[in-house]
Amino acid sequence: MSAGKRGALIIFEGCDRSGKTTQSRLLVKHLKSKGLSVLAMNFPERSSSIGQVINSYLTNSKDLPDEVIHLMFSANRWEHMNQVKQQLLEGTTLVVDRYSYSGVAYSAAKGLDFDWCYAPERGLLKPDAVFYLRAPAADDLANRGQYGEERYEKVEFQGRVAKVFDKICSKEASYWHQLDASQSVDDLHAQVAGIAEELLPKVANQPIDKLS
């Protein structure tokens, strides 16, 4: 990439087992095959000390108040922001599995105030595109492998999470792409790859924005 051209910040969001991890991996592979500099990331980033606390919470070995775990998820994103920005400015596209919106959706689904949940995300880097993999029904998700192993994978709860994602999607429609997660893996990937390929040259010379 020529000097000054930045990478794109691309996020995958959706309920548990909606195919985010599969699709983000396929997109990374696809962009690399085009000779682009691309890096995969996911949040929570479980290797840091904050990430390790989150991991023990998610695997049900630690209990924390809802407000505390919400702020820890947010802090986990903040602690990686300088590194994320640096990568983007060096021309690397980042493909990220979950971001701020998951933090807001999961906490709001537990009954916390939406605006309170969103507040600590303000100032984080704003994605250039969010692929929202929307699953048709919770029952379909429950049939997918390993469902139910982590704390949040309960069908009724995932239904509440989906409603918050829908709300965010309608508010942020300018850069959110809602895709039907029940499609075949290949069809979904084709849609994602097409949107991503159009996006990269568009954002290359644009400043990096922040969530507000």
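What this report covers is the structure whose coordinates are included nearby. (Residues numbered from 1 in each chain as written. Predicted model: local features only at pLDDT ≥ 70, side-chain atom pairs only at ≥ 80, totals over all residues. Heavy atoms only, no water.)

**Some details on the pattern of salt bridges**
When the charged atoms of two side chains with opposite charge come close together, those side chains can pair.
Here's step 1: Taken as a whole and assessed by the stated rule, the structure comprises 7 salt bridges.
Here's step 2: The salt bridge partner of D16 is R98, with a shortest N-O separation of 2.5 Å. Pair noted here: D16 is in the loop between strand 1 (9-13) and helix 1 (20-33) and R98 is in the loop between strand 3 (93-97) and helix 5 (100-109), with a separation of 82 residues, a long-range link. For the pair shown, D16 and R98 are each scored as buried.
Here's step 3: The closest approach of N and O atoms between R160 and E156, which form a salt bridge, is 2.7 Å. With a gap of 4 residues between them, R160 and E156 both fall in helix 8 (residues 155-171), about one helical turn apart.
Here's step 4: Taking the relative accessible area as the measure of exposure, E156 reaches 58% and is therefore exposed. (Salt bridge = Lys/Arg side-chain N within 4 Å of Asp/Glu carboxyl O. Helix = DSSP H or I, 4+ residues; strand = E, 2+ residues; numbered from the N terminus. Buried < 20%, exposed > 50% of the residue type's maximum accessible area, 1.4 Å probe, protein only.)

**Quick look at the sheet that holds strand 4 (residues 129-134)**
Here's step 1: With respect to topology, 5 strands assemble into an open sheet ordered 2-3-1-4-5, the strand pairing being parallel. Every other strand in the sheet has two partners, leaving strand 2 (38-42) and strand 5 (176-180) as the edge strands with one partner each. On average, each strand axis in the sheet is tilted by 20 degrees relative to the strand beside it, whichever way the strands run.
Here's step 2: Relative to the sheet, helix 4 (residues 81-89) contacts strand 1, strand 2 and strand 3, its axis offset from that of strand 3 by approximately 140 degrees.
Here's step 3: Strands in contact with helix 8 are strand 1, strand 4 and strand 5; relative to strand 4, the strand with the most contacts, it is inclined by about 145 degrees. (Pairing = 2+ DSSP bridges. Axes fitted to C-alpha atoms, helices over the stretch in contact; angles between N-to-C directions. Contact = heavy atoms within 4.5 Å.)

**Comments concerning the environment of R77**
Here's step 1: As for its placement among the helices and strands, R77 is situated in helix 3 (residues 66-78).
Here's step 2: For the pair formed by R77 and V38, sequence separation is 39 residues and the distance between their alpha carbons is 19 Å.
Here's step 3: Of note is the side chain of R77, whose polar atom sits 3.0 Å from the side chain of E121. (Polar contact = N/O pair within 3.5 Å; in protein donor to acceptor, adjacent residues only side chain to side chain.)

**Describing the packing of aromatic side chains**
Here's step 1: Evaluated as defined, the whole model comprises 8 aromatic pairs.
Here's step 2: Arranged with centres 5.6 Å apart and planes meeting at 40 degrees, the rings of Y132 and F165 form a pair that is tilted. Taken together, the residues Y132 in strand 4 and F165 in helix 8 connect sequence positions 33 residues apart.
Here's step 3: Overall, Y132 belongs to the buried group, its relative accessible area being 2%.
Here's step 4: Between Y132 and W176, the ring centres sit 5.7 Å apart and the planes meet at 65 degrees, which makes this aromatic pair edge-to-face. Of this pair, Y132 sits in strand 4 while W176 sits in strand 5, and the two are 44 residues apart along the sequence. Each member of the pair Y132 and W176 is classed as buried. (Phe/Tyr/Trp six-rings, centres within 6.5 Å; stacked < 30°, edge-to-face > 60°.)

**Overview of helix 1**
Here's step 1: Over its 14 residues, helix 1 runs 20 Å from end to end, which matches the ideal 20 Å to within 8%, given 1.5 Å per residue.
Here's step 2: For helix 1, the set of buried residues is K20, Q23, S24, L27, V28, H30 and L31. Angularly, the buried residues of helix 1 cover 165 degrees about the axis, an arc narrow enough to put them on a single face. Facing away from the buried side of helix 1 by more than 90 degrees, the exposed set consists of R25, K29, K32 and S33.
Here's step 3: Its buried side turned inward, helix 1 meets strand 1, strand 2, strand 3, strand 4 and helix 9 (185-203). (Expected span 1.5 Å × (residues − 1). Arc of directions from axis to C-beta.)

**Structural notes on unusual backbone geometry**
Here's step 1: Look at the link from F43 to P44: it is a cis peptide, with omega at 0 degrees.
Here's step 2: Along the chain, P44 falls in the loop between strand 2 and helix 2 (49-58).
Here's step 3: The phi dihedral of R17 is positive, around 65 degrees, even though this residue is not glycine.
Here's step 4: Non-glycine residue N60 carries a positive phi angle of around 70 degrees.
Here's step 5: Examined against the element boundaries, N60 turns out to sit in the loop between helix 2 and helix 3.
Here's step 6: Using a relative accessible area of 43% as the deciding quantity, one classes N60 as partly exposed.

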